[in-house]
Amino acid sequence: MSEWSNWAGIESARPARVEEPADTAAIVAAVERARSEGTTLKMVGTGHSFTAISAPEHTVLRPTHLGGIVAVDRDAMTVTALAGTQLKELNRQLEALGLSLHNMGDIAEQTLAGATSTGTHGTGGVAASLSAQICGLTLVTGTGEVVTATETENPEILETARVGLGALGVLTTLTFRVEPLFVLEATESPMGWDEALDGFDQRIAEHHHVDTYWFPHTDRMLTKTNDRLDVDPSETSPLSRLRYWWDDEFLSNHLFGALNRVTNRVPAIIPSFNQVSSRLLSARTYSDVAHRVFISPRGVVFREMEYAVPRSAGLAALRECRAAIDASDLRITFPVEIRVTPADDIPLSTSSGRDSLYLAFHTHRDVDHLAYFALLEPILRAHDGRPHWGKVHTRSAADLAPAYPRFEEFLALRDKLDPDRVFANPYLRRVLGD
């Protein structure tokens, strides 16, 4: 047996069987065996979900041999990749082809299957999540059938399985809409709480992508705007190696991690720590090909809860969360991240049917996250919030169903594609029922 655990160290499992399938036929064989035995099976990725969404009960499949681009259609501007490909590898291969995804989050360690199945997203743009950029996929169902889904073939499966939670089948390939490789100019600006919130809507309207961070126990915020430049990808002005190392490697990772280990022992100094750390991040502007601007190194292991609330309620929810933190005796070192996304049409996407504002709360891995998240989750729920499927939350099927108008539609497709619950685990039984 081999123990499975996620990146944050919150969830673990000891599967009875571990396999590394080399092709779709091997996946089909594993699914058929699990079904005949009455056991369960999970394909795992890199474990970057903070929940147990991919935790295996019996058989675990590892995508060791299931990576890389397998097709490029320059007329249709689509790229098909094996579902076990890590996002960072897809970005590398796309850049070599002169292509790019439209948008992405700030971590690239996940497999494509894991990132899309949990609704991983960035901010802004016309499509914020990786899932919203999918236009085709193949999967192995719980009965061992290999199904292809496109906009013309099994479109109802494509629509739903783009955020499938791993409950509908084992994804084998994903086809993304892509664009010619483009350049983003990033501008990072420290500012005060009032200035940041007063100009929030205007900033969103004037820039392609906006990411905002609030440092708890302070009035300090940091905004990052990313805008497309109409220049050749060879004409960029990236950070110097020294500036990148100092800001992104040393200050944001090495020093931040070291100081967290100190503040974990002496929480009383955290407000002063946040005042200092928020002022160490100075204004800067740089440009590079898109994925290098979207992605940031994340060397400090953390735990995270993130909720999507309706865009119109977002800043009110943020203010209530700040008031709750200020009134508590909690001491939080990690900044709160604020992002916005356009609505999409995916049944279980957290942006399904509505423009959304995301609030993400983090703690260091060595700090008990439960009290912090428990303080804020009721506020986010009261604003009709939807929890990120791959991040810590306490919700269950009974109270998630009202949050998603198409929840029953998803369950009906699950009954069709996995009638014997080959892909079930405790997390999916909690959030989807059984």
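Structural data are supplied above this passage.
Description of the structure in this document. Residue indices follow the written sequence of each chain, beginning from 1 at its first position. This being a predicted model, a pLDDT of at least 70 is required before a residue's local features are given, and a value of 80 or more before pairs of side-chain atoms are given or counted; all residues contribute to the totals for chains, interfaces and linings. Neither water nor hydrogens contribute to the side-chain values; these are computed over all heavy atoms in the structure.

A separate point is helix α10 (residues 314-327). Helical segments are the DSSP runs of H or I of at least four residues, strand segments are the runs of E of at least two, and each set is numbered from the N terminus. Expected span, for any helix, means 1.5 Å times one less than how many residues it has. Compared with an ideal rise of 1.5 Å per residue, which puts 14 residues at 20 Å, α10 spans 20 Å between its outermost C-alpha atoms and is within 8% of the ideal. Buried means the residue's accessible area, taken with a 1.4 Å probe over protein chains only, is under 20% of the maximum for its type, while exposed means over 50%, and partly exposed covers the values in between. Of the residues making up α10, those classed as buried are G314, L315, A317, L318, C321, R322, A324 and I325.

This part is about empty space enclosed by the protein. The definitions used throughout rest on a 1 Å grid laid over the protein atoms alone, on which a cavity is an enclosed set of points accommodating a 1.4 Å probe that cannot get out and a pocket is an open set flanked by protein within 12 Å on both sides along at least five of seven lines; lining residues are those having an atom within 4 Å of a point. Grid points are joined across faces, edges and corners, and a volume is the space filled by probe spheres set on the points. The full count for this structure, using the stated rule, is one cavity of 30 Å³ or more. Lining the largest cavity are N260, N264, I270, R331, I332, T333, F334, H362, T363, H364 and V367. Counting residues per element, the lining of the largest cavity draws most heavily on strand β19 (residues 356-364), which supplies three residues. Tallied by class, residues from the lining of the largest cavity come to four nonpolar, six polar and one charged. Polar here means any residue other than Ala, Val, Leu, Ile, Met, Phe, Trp, Tyr, Cys and Pro, which are nonpolar, and Asp, Glu, Lys and Arg, which are charged; Gly is therefore polar.

Glancing now at the sheet that holds strand β4 (residues 41-43). In short, DSSP must find at least two bridges between two strands for them to pair. Spatial strand order, β3-β5-β4: three strands in an open sheet with parallel pairing. Looking at which strands have only one partner, the edges of the open sheet turn out to be β3 (17-19) and β4. Across the sheet, the axes of successive neighbouring strands diverge by a mean angle of 20°, strand direction being ignored. Both β4 and strand β5 (residues 59-61) contribute to a ladder of three bridges, which runs parallel. Bridge pairing links L41 to T59 in β5. Axes here mean lines fitted to C-alpha atoms, for a helix over just the part in contact, with angles spanning 0 to 180 degrees between N-to-C directions.

Right, let's talk about the nonpolar core for a bit. Buried together is how nonpolar side chains tend to be arranged in soluble globular proteins. By nonpolar core we mean a set of buried residues, namely Ala, Val, Leu, Ile, Met, Phe, Trp, Tyr and Cys, connected to one another through side-chain atoms within 4.5 Å. Counting residues in each nonpolar core, the largest one holds 60 residues, and the members touching the most others are L101, L137, L165, W389 and L432. The greatest single-element share of this core, amounting to five residues, is contributed by helix α13 (residues 407-417). Here a residue-residue contact requires only that any non-hydrogen atoms of the pair lie within 4.5 Å. Apart from the residues within four sequence positions on either side, L137 is in contact with V147, T148, A149, L158, A161, R162, L171, T173 and L174. Membership of the second largest hydrophobic core comes to 40 residues, among which are F200, L318, L357 and V392.

It is worth spelling out the layout of surface pockets at this point. Here the second largest pocket defines a volume of roughly 230 Å³. Together, 14 residues line the second largest pocket, and K88, A108, E109, I295 and S296 are the ones closest to its centre. Of all the secondary structure elements, the ones that give two or more residues to the lining of the second largest pocket are α2 (87-96) and α9 (290-294). A per-class count over the lining of the second largest pocket returns five nonpolar, four polar and five charged.

Only centres within 6.5 Å qualify two rings of Phe, Tyr or Trp (six-membered ring in Trp) as a pair; their planes then separate them into stacked at under 30 degrees, edge-to-face at over 60, and tilted for everything else. Considering all chains together, one arrives at 10 aromatic pairs under this definition. Ring centres 5.1 Å apart and planes at 80° place the aromatic pair W7 and F302 in the edge-to-face group. Of this pair, W7 sits in the loop between β1 (4-5) and β2 (12-13) while F302 sits in strand β17 (residues 302-310); the two residues are 295 residues apart in sequence, bridging distant segments of the chain. With a relative accessible area of 5%, F302 lands in the buried category. Judged by centre distance (6.0 Å) and plane angle (90°), the rings of F361 and Y372 are edge-to-face. On the criterion of sequence distance, the pair formed by F361 in strand β19 and Y372 in helix α11 (residues 370-382) is long-range, its members being 11 residues apart. With respect to class, F361 is no different from Y372; both count as buried. One aromatic cluster in this structure is built from W7, F50, F256, F273, F302 and F334.

Another point: the pairing of strand β9 (residues 134-140). With seven of seven residues buried, β9 is to be regarded as a mostly interior element. Looking at chain direction, β9 and strand β11 (residues 170-177) are connected through six bridges and run antiparallel. The residue of β11 that forms the bridge with L137 is L174. Counted between consecutive antiparallel strands, the loop separating β9 from strand β10 (residues 146-150) contains five residues, among which G144 sits at a positive phi close to 90°.

With that settled, the discussion passes to the pattern of salt bridges. Salt-bridge detection follows one rule: a side-chain nitrogen of Lys or Arg within 4 Å of a carboxyl oxygen of Asp or Glu. With the rule as written, the count across this model stands at 28 salt bridges. Its salt-bridge partner being R92, residue E89 comes within 2.5 Å of it at the nearest N-O pair. Here E89 and its partner R92 are both found in helix α2, three residues apart, which amounts to about one turn of the helix. Residue classification places E89 among the partly exposed positions, given a relative accessible area of 26%. Here the residues in one salt-bridge network are E304, E306, E337, R339 and K391, joined through shared partners.

Viewed as axis vectors pointing N to C, α10 and α11 meet at an angle of 145°, and their least axial separation amounts to 10 Å. Crossing handedness for the pair α10 and α11: right-handed. Residues A317, E320, C321, A324 and I325 of α10 form the contact with α11, whose own contacting residues are Y372, L375, L376, I379 and L380. Taken together, the residues of the contact of α10 with α11 break down into nine nonpolar, no polar and one charged. Here a crossing is called left-handed whenever its near helix is offset anticlockwise from the far helix by less than a right angle, and right-handed whenever the offset is clockwise.

What follows is about the sheet that holds strand β7 (residues 78-82). One open sheet accounts for five strands, arranged β6-β7-β11-β9-β10; its pairing is antiparallel. Taken across any chain shown, the strands that pair with only one partner, and hence form the sheet edges, are β6 (69-73) and β10. Sheet twist, expressed as the average angle between the axes of neighbouring strands with direction ignored, equals 15°. Sheet topology places β9 next to β10; five bridges connect them, and they run antiparallel. Bridging from a neighbouring strand, L139 pairs with V147 of β10. On top of the sheet, helix α1 (residues 24-37) reaches β9, β10 and β11; it is set at about 55° to β9, its chief contact. Across the sheet, α2 touches β6, β7 and β11, and the angle it forms with β6 is around 40°.

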